[in-house]
Amino acid sequence: MSLLKVQNLTKEFPLGFFGKERLKAVDDVSFEIERSRIVSLIGESGSGKTTVGKLILKLIRPSSGQILVNGRDITQIKGKELREYYRKVQGVFQDPFSSFNPIYKIDRVLNMVFEEFFPDTPDSERKTRMEEVIASVGMNPREILGKYPHQLSGGQLQRILIARTLLLDVELLIADEIISMLDASTRVDILNLLGDLRERGMSVIFITHDLSLGYYISDETFIMYRGNIVEMGDTEKVFHNPIHPYTKMLLESVPEIDRKWDLSKRFVPELVSSSNAPCKYYDRCPIRDEKCLVQKPEMVEVEKNHKVLCLKAGD
Amino acid sequence: MIGVAEVVLDVRDLRIYYRTLYGYVKAVDGVSFDIKRGEILGIAGESGCGKSTLGNGLILLKPPMKYMGGEAILDGKNIMALSPKELRKVRYGKISIIPQYAMDAMNPTKKIKQIIDDLLHEHGESFERKKDLIEERLEIVNLGKKVLNMYPIELSGGMKQRMVMVISTLMNPDVLIADEITSALDVSSQRSVIQMLYEMREKKIMGSLAFITHDLSVLYQIADKVMVLYAGRVAEISPMADIVQEPLHPYTKMLLSSLPKIGVRYSQTKLKGIPGYPPSLLNIGPGCRFRDRCPYAFEKCEQDPPVFDVDGRKVSCWLFERGDVN
């Protein structure tokens, strides 16, 4: 049984004043994640990647679809069951500074885990556990405990939030853009930390817009475009044999040292969509044809563990 | 660039501090560089290295920012010492900036056309008189005429950023400072913004460009020369190609080797970040500011390193004192 199985997950948001129109932020998304895996969910702003994370964390409710964790649908659970759920599934978000209350010391964020889940733990044991987890994310507890958030850097705060998940027996961590606010010189250390978590048996959904970071750390990659997963599979396959025209375009526009763009060649930026084609990439697609206007694309497996949502994938 | 191009902006030993209750934060502390005509200079560094202070300070010194010394010569005049009235003539005409987050600073209650008109009035121009030019420029950034009648919220981030590029360059500035204009954008919008800056230079819409960013891989696509700042000082100034092939300063070296790129995987090559954190710039004393994180640090690093010339490249590190060490 997979750790996480998402089936036909859809989330609609009302648009406009009366909410008559609806925006499908997540549109019929299905995937599975095994234990001890890192999966990158890559997409541009508005692709729905953060919404997927929020749905799994139960911060918002899905419009339809199922989220099975260890085989159990969690979309309806509440109360005691929900609390149990949060022992297994946790999130870390983009802005570490806003995850801390600036008037309290760092210790509180860790202590709250005990208050919430293990209230009977004696103080001395709490302290030892806190020191343990801080050390295991590569920091010296003496330099961290007793400090206020403003005395630490973004990278340090982000590590503390990851350390927090180690106090629980978290099986699935949703890491939503956790390094995009950090400096380049400390970023990669946080990524390596995710690698350590995987070795401890944790699975991570690493939500990012940065393809090279996703490539570095993840076993599998899901590419999202306007609510759909358009390409998914083993990271090596998606990056080295991209099939969907959107994935290809993304990979071409990643800025990389040692690989210069041809700036004399015209690059077509985003367009305001005008057609109502069933394929959402139709307006930008260089390989579209008439059938894309009438037929809805389905996920097809192009090779083992590599699927693409494109009618022309087989061509 | 062809031959020896003329220097457009010459910055010498510029110092811009922030005044606080506890003393001075030395955000830009003795920075020297120049920009030649037609050149794209990348200004790179991590948060708090002074890159935005430098960019903003050249255009508009706002308290608590304080000009403490040095000069920035543009067109024979030190723009740091101009009176507000004189500076007003230079600003946006000779030197212009696309500030960070400018795309979120457009008045949401006005149409784009009105926003442009308001700005042009400041320079004794009007939208009607510049209409043809504006439409031509919109063409370059791939926006249609119809955006002029739209409100800012109707545009996506990438489109807004392109609109801001049009607005900031209407006066054909000699020097344009672009502060983190690609950071909030998606990869495909990033690429189109870079492409458009390139075209604007080719078409001589702007003379030279100072492109401030924390992202070296974006700079690599467009910059001719890079200045790497660390904690308010210049670490290294080198041609873009050289810095990638053979970084000189230990900071540049470590920074470049910490960057993930496609082809590098955790399971095969474990990258390493730079241990430690930059120093606080509040009342900071002498000495190399990277020394606490530097694996090559030695006694001499307790003194301020001068800028050494290594084959035409500039590096501020004691390892290069004799010019033959690498």
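Everything numeric in this text was worked out from a predicted model, so none of it was measured.

Next up on the list: the packing of helix 3 (residues 107-117) of chain A against helix 6 (residues 154-167) of chain A. All names here are of chain A. Packing of helix 3 against helix 6 leaves a shortest axis separation of 10 Å and a crossing angle of 20°. Between helix 3 and helix 6, the interaxial angle falls into the category roughly parallel. For the crossing formed where helix 3 meets helix 6, the hand is right-handed. Here helix 3 contributes Val-109, Leu-110, Val-113 and Phe-114 to the contact with helix 6, which in turn contributes Ile-160, Arg-164 and Leu-167. In the contact of helix 3 with helix 6, the residues fall into six nonpolar, no polar and one charged.

Turning to the packing of aromatic side chains, a few remarks are in order. All names here are of chain A. Going through the model one piece at a time under the given rule, you end up with 14 aromatic pairs over all chains. When the centroid spacing of 5.8 Å and the interplanar angle of 50° are considered together, the rings of Tyr-85 and Tyr-86 count as tilted. Residue class for Tyr-85 comes out buried when judged on its relative accessible area of 6%. An aromatic cluster is built from Phe-114, Phe-117 and Phe-118, whose rings are joined through pairwise contacts. A cation over an aromatic ring shows up here: Arg-288 above the ring of Tyr-282, its NZ or CZ 4.9 Å from the ring centre.

In this section: the interface of chain B and chain A. Counting residues at the interface gives 49 residues for chain B and 53 residues for chain A. Considering only the surface of chain B that becomes buried against chain A, Arg-191, Ile-262 and Tyr-266 of chain B emerge as the three largest contributors, covering 19% of it. Joining chain B to chain A, the criterion identifies two salt bridges. One salt bridge in this structure joins Asp-258 of chain A and Lys-261 of chain B, with 3.3 Å as the shortest N-O distance. Along the contact surface separating chain B from chain A lie 20 residue pairs in polar contact (both at pLDDT 80 or more).

Before going further, it helps to spend a moment on the sheet that holds strand 2 (residues 21-33) of chain A. Two strands in a sheet stick together by hydrogen bonds in their backbones, pointing the same way (parallel) or opposite ways (antiparallel). Residues and elements named next belong to chain A. Pairing within the open sheet is antiparallel, and its four strands lie in the order 2-1-4-5. This sheet does not close on itself; its edge strands, each paired only once, are strand 2 and strand 5 (72-73). Across nine bridges, strand 1 (residues 4-15) lies against strand 2 in antiparallel orientation. Directly across from Pro-14, in strand 2, lies its bridge partner Arg-22. The strands touched by helix 1 (residues 49-56) are strand 1, strand 2 and strand 4 (64-69); relative to strand 2, the strand with the most contacts, the crossing angle is about 70°.

Analysis parameters
- Residues numbered from 1 in each chain as written.
- Chains lettered and ligands numbered in written order.
- Predicted model: local features only at pLDDT ≥ 70, side-chain atom pairs only at ≥ 80, totals over all residues.
- Heavy atoms only, no water.
- Axes fitted to C-alpha atoms, helices over the stretch in contact; angles between N-to-C directions.
- Helix = DSSP H or I, 4+ residues; strand = E, 2+ residues; numbered from the N terminus.
- Parallel < 35°, antiparallel > 145°, perpendicular 65-115°, else oblique.
- Left-handed = near helix turned anticlockwise from the far one by under 90°.
- Contact = heavy atoms within 4.5 Å.
- Nonpolar A, V, L, I, M, F, W, Y, C, P; charged D, E, K, R; others polar.
- Phe/Tyr/Trp six-rings, centres within 6.5 Å; stacked < 30°, edge-to-face > 60°.
- Buried < 20%, exposed > 50% of the residue type's maximum accessible area, 1.4 Å probe, protein only.
- Lys NZ or Arg CZ within 6 Å of the ring centre and 35° of its normal.
- Buried area = accessible area lost by both parts, 1.4 Å probe.
- Salt bridge = Lys/Arg side-chain N within 4 Å of Asp/Glu carboxyl O.
- Polar contact = N/O pair within 3.5 Å; in protein donor to acceptor, adjacent residues only side chain to side chain.
- Pairing = 2+ DSSP bridges.

Keep in mind these numbers describe shape, not what the thing actually does.
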